[in-house]
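Structure assessment
So the chains spell out like this:
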Amino acid sequence: MLTCNKTADRMVVDAPNSNGPFQPVALMHFRDVAPAEQEKLFIQKLRQCCVLFDFLSDPLSDLKWKEVKRAALSEMVEYITHNRNVITEPIYPEVVHMFAVNMFRTLPPSSNPTGAEFDPEEDEPTLEAAWPHLQLVYEFFLRFLESPDFQPNVAKKYIDQKFVMQLLDLFDSEDPRERDFLKTTLHRIYGKFLGLRAYIRKHINNIFYRFIYETEHHNGIAELLEILGSIINGFALPLKEEHKIFLLKVLLPLHKVKSLSVYHPQLAYCVVQFLEKDSTLTEPVVMALLKYWPKTHSPKEVMFLNELEEILDVIEPSEFVKVQEPLFRQLAKCVSSPHFQVAERALYYWNNEYIMSLISDNAAKILPIMFPALYRNSKTHWNKTIHGLIYNALKLFMEMNQKLFDDCTQQFRAEKNKEKAKSKEREEAWVRIENLAKSNPQFLVCVDSSDLNSPVAMETDVPSIEDVQRLRKTVEEGATQLQRDQRKERPLVRRKSELPQDIHTTKALDSHRRGEDMLTTHDGL
Amino acid sequence: MKDLQSVDSLLLKELKLCCAKESSFLPRDSGLRILEAAPAENHNAVSAKCRDANVEELWGLTSFFGYSAQTFVQAVNMLDRFLTIMKVQPKHLPCIGVCCLHMAAKMVEEEHVLSPTRELIRISHSKFTVSDLGRMEKIISEKLGSPEPQAVTALTFLHLYRSAFEALTAGREELPSIGTLEAQLKACTCRLVFSKAKPSVLALSLLAQELNALQSTTAMKAVQQLQKHLKISEGELLHWREQVGRCMAQYYSGECTKPDNKKLVWIVSRRTAQNLQANRFCVPGLPTIPEGNWDESESEDSCEDMSCEEDSLCGSPGSDGGGAYFPSTFRSTCRE
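- Going by an unreviewed UniProt entry, chain B carries the name Cyclin-like domain-containing protein and comes from Muraenolepis orangiensis.
- In its Sequence similarities (unreviewed entry) section, UniProt records this for chain B: "Belongs to the cyclin family."
- What UniProt records for chain B under Function (unreviewed entry) is the sentence "Essential for the control of the cell cycle at the G2/M (mitosis) transition."

- By the naming in an unreviewed UniProt entry, chain A goes by Serine/threonine protein phosphatase 2A regulatory subunit and is assigned to Muraenolepis orangiensis.
- Check the Subcellular location (unreviewed entry) section of the UniProt entry for chain A; it says "Nucleus".

1. With respect to the overall build of chain A
- Each helix and strand counted, chain A has 23 helices and zero strands in total.
- The buried share of chain A, reckoned over its 525 residues, is 47%.
- In chain A, the proportion of contacts linking residues at least 24 apart, taken out of those at least 6 apart, comes to 74%.
- Just so you have it, chain A exposes about 29300 Å², and 55% of that area is on carbon and sulfur atoms.

2. Section: the environment of His297(A)
- Within the secondary structure layout, His297(A) lies in the loop between helix H12 (282–291) and helix H13 (298–313).
- The sequence separation of His297(A) and Lys258(A) amounts to 39 residues, and the corresponding C-alpha distance is 9.1 Å.

3. Some thoughts on the packing of helix H10 (residues 199–214) of chain B against helix H11 (residues 217–229) of chain B
Residues and elements named next belong to chain B.
- Relative orientation of the contacting elements H10 and H11 amounts to 165°, with a least axis distance of 10 Å. With respect to each other, H10 and H11 are oriented roughly antiparallel. Crossing geometry of H10 relative to H11 is assigned as left-handed. From H10, Leu204, Ala208, Leu211 and Asn212 reach across to H11, where they touch Ala219, Met220, Val223, Leu226 and Gln227.
- Of the residues belonging to the contact of H10 with H11, the class tally is seven nonpolar, two polar and no charged.

4. Re unusual backbone geometry
- Look at the link from Leu237(A) to Pro238(A): it is a cis peptide, with omega at 0°.
- Within the fold, Pro238(A) resides in the loop between helix H9 (221–233) and helix H10 (241–251).
- Phi angles above zero are rare outside glycine, and Glu216(A) is one such case at about 50°.
- Phi is positive for His125(B), close to 55°, though the residue is something other than glycine.
- With respect to the helices and strands, the residue His125(B) is situated in the loop between helix H6 (117–123) and helix H7 (130–144).

5. Side note on the packing of aromatic side chains
Residue and element names in this part refer to chain A.
- Inspection of every chain in the model, using the stated rule, returns 37 aromatic pairs over all chains.
- Ring geometry for phenylalanine 141 versus phenylalanine 163: centroids 5.8 Å apart, planes at 35°, classification tilted. Here phenylalanine 163 lies in helix H6 (residues 161–169) and phenylalanine 141 lies in helix H4 (residues 131–146), a separation of 22 residues in the sequence. Each member of the pair, phenylalanine 141 together with phenylalanine 163, is buried.
- Ring geometry for tryptophan 293 against phenylalanine 304: centres 5.4 Å apart, planes inclined by 75°, an arrangement best described as edge-to-face. With tryptophan 293 in the loop between H12 and H13 and phenylalanine 304 in helix H13, this residue pair connects regions lying 11 residues apart in the sequence. We note that tryptophan 293, like phenylalanine 304, is buried.
- Stacked on the ring of phenylalanine 30, the Lys or Arg lysine 45 has its end atom at 5.4 Å from the ring centre.
- Sitting over the ring of phenylalanine 55, lysine 66 keeps its end group 4.4 Å from the ring centre.

6. Notes on the interface of chain B and chain A
- Contacts between the two partners involve 75 residues from chain B and, on the opposite side, 77 residues from chain A.
- For the pair chain B and chain A, the number of links is 22 residue pairs in polar contact (both at pLDDT 80 or more).
- When residues of the side of chain B that touches chain A are traced back to their parent elements, those giving at least two are helix H3 (48–65), H6, helix H9 (178–189), helix H13 (270–278) and helix H14 (306–313) of chain B.
- Here the side of chain B that touches chain A takes eight residues from H3(B), the largest share from any one element.
- The class makeup of the residues in the side of chain B that touches chain A is 33 nonpolar, 21 polar and 21 charged.

7. Comments concerning the UniProt feature "domain: Cyclin-like" (unreviewed entry) in chain B
- Residues annotated in UniProt with the feature "domain: Cyclin-like" (unreviewed entry) correspond here to residues 56–142 of chain B.
- Counted over residues 56–142 of chain B, helix gives 72% and strand 0%. Its end C-alpha atoms are 25 Å apart.

8. A look at H11(B)
Residues and elements named next belong to chain B.
- In this model H11 runs 18 Å from its N-terminal to its C-terminal C-alpha over 13 residues, within 8% of the 18 Å that 1.5 Å per residue would give.
- Listing the buried residues of H11 in full gives Thr218, Ala219, Ala222, Val223, Leu226 and Gln227.
- Lysine 231, located one to two residues past H11, shows a positive phi value of around 55°.

Scoring rules and cut-offs
Residues numbered from 1 in each chain as written. Chains lettered and ligands numbered in written order. Predicted model: local features only at pLDDT ≥ 70, side-chain atom pairs only at ≥ 80, totals over all residues. Heavy atoms only, no water. UniProt positions renumbered as here; feature names shortened; annotations may be inferred. Helix = DSSP H or I, 4+ residues; strand = E, 2+ residues; numbered from the N terminus. Buried < 20%, exposed > 50% of the residue type's maximum accessible area, 1.4 Å probe, protein only. Contact = heavy atoms within 4.5 Å. Areas by Shrake-Rupley, 256 points an atom, 1.4 Å probe, with all protein chains shown as cover. Axes fitted to C-alpha atoms, helices over the stretch in contact; angles between N-to-C directions. Parallel < 35°, antiparallel > 145°, perpendicular 65-115°, else oblique. Left-handed = near helix turned anticlockwise from the far one by under 90°. Nonpolar A, V, L, I, M, F, W, Y, C, P; charged D, E, K, R; others polar. Phe/Tyr/Trp six-rings, centres within 6.5 Å; stacked < 30°, edge-to-face > 60°. Lys NZ or Arg CZ within 6 Å of the ring centre and 35° of its normal. Polar contact = N/O pair within 3.5 Å; in protein donor to acceptor, adjacent residues only side chain to side chain. Expected span 1.5 Å × (residues − 1).

So, in structure tokens, the structure goes:
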């Protein structure tokens, strides 16, 4: 093991597979050697770059040699970019090996100072310290892959499944620059190595499954999805079953995850691409979205609305008819949402000409679903902008079909009156009961005038069977009645819950004496 | 055939009284003819089409603010009367319309239902101000004679007729609900042609058309009785019944027109606007990778057997990077 410094704890490593020791001298430039010697020099430089330097715990170490490596890498990038026929067979294993040595490393754990999980939406990523070298290695490898002299048939001996697996593991890096390079690199590999495609897809699926169902943590989902987008775009028709399963079992469940905002645009693109390829997938996709529809996370709801509009933009009218009822029931809920961004986004659908034409073709089914939500909120919503948008939506409905609109209005009013009548009836029933109770001669005896809300003392006599049965019947009726009727607005009264006290805690607290009590003051204060 | 009861004398007296008053609330005939004659795309004079469009707007606002049909009918009555006595420029029509609606609402609706004028203006995307509205109100009430009592309109007669019918048929006939009749009247009101009819005749025509569909001879006899009481000529009734029939045919046709949302203004909050902008689409940076039909194997087991598959793929295009996968333009940009 050759070190550049006498201290033993330097982390300079000599690559175990390189032939020959590390040359502590800067090698010559390509332009200074004869073309016949260039291949040998190339290999030497590649091997030299297999030495790793420490950028993290001691950034100022070996500055000279770090610069040598950087210069070598830079020179090699130029060399293969501007020269033809320099990528010969012996070069391939060296390049792949150099890349592997530099790149394939265990990623450090999340460096969040509080020890909490890295939140991709909030936290600043930790950048890779060795980036000055890593960047050049990535760039070099990419040029290598993209060179017109590159032959996948030769390279496939070295770029194999193990290589790809390790490459995919790097996608969890926190450094976005690294992920960007990885994305492009994997994209090229996928394009050129047909034999690796199925393996890559399988491994990506595994990453996604682990992300969705086990960890909910991975930094590279967006990049992976971007690659998949370009793959999906290239699918041949008819779609293979494997791809359809991928959509239903992987892409759709990705909507569930909490950190959706990090990769949503890429995910939505993938989904829409699928639907453009095969429109028969529309119904399962829309139903899955509705199933995963966020119930408490409003920013996520806005994202779903964005995606849904994009899907509707490309939907076939025949597919639209299949999903319109559950879809508009969900839209009706969104329009009534007290969160103004959700309501606005949902109402903005009415500005989409294609969606409006779909609605007008199916107005008889859709209008009765949307109308109550719109009409009810036209005055009661707290946000004024929403009023304006609701008016636009109602106006468009009115223009579509006057009679249908009038029918919906009448029905709405009729139902409202029915509700009012019912609640009035219930109110009167209560009053009647109260009056009946008051007319009982024992009323004044039983009532405690000082505190009407205190619990009544239990009777020591056992209640009769008939009483119990009557009580049971009343309770059952009352319970079902409540389910059917709508609840009247009643001010909510909070009740504090009584928690049982732990005897040890109570004892400990009692016996605790504060330090100040035990210490005596010396100043006589 | 059941015998008809006689109409309650008080009701009859009221009907006759309304008949007497109704002519004073009719829009001027000459003005109506001018409106009808005006070409549709004129910028100097209000045309029938223009008026109809405006009335539909008013109906939209009535519905949105939860005003009653009476408010709407009163507003249109005021609008028609004003338009037939004043020469108005089309650009002022929205202001006049909203003003009439507001005035009608003040007359008819309860205090708590009324919306403030700025709300009316904001919702209807109108370009005029609250003070403009105030001035217009003064002008209108001046021209129509103030304080303006509630006009006798077709709606008034509809309510009266319906009560009369119930009395006449002694509740044995199924009458169309008042809601349905109001909706039909509203549809008619949206067309200028019906402003020429006397309200009593229009209301009876509407009712007659509706009852005709029910095929009840008792009901038709009741219509005849009312016609006799109010001295409505057969010819007049037939004429308007025909007009109503045509209007209703279109109303009930159930065909949906594609709405034109270019006239509407969509105001959203800043955050939503930003969100919409951001989504105007992230074009992916990676080029498409076409899937060949002959490439990778179907099942996953043959992943291990890749070597034997690949020999057959040796001759595939694109393996040397010069094939169909990457467009040449893309390759050249990467050379730097």
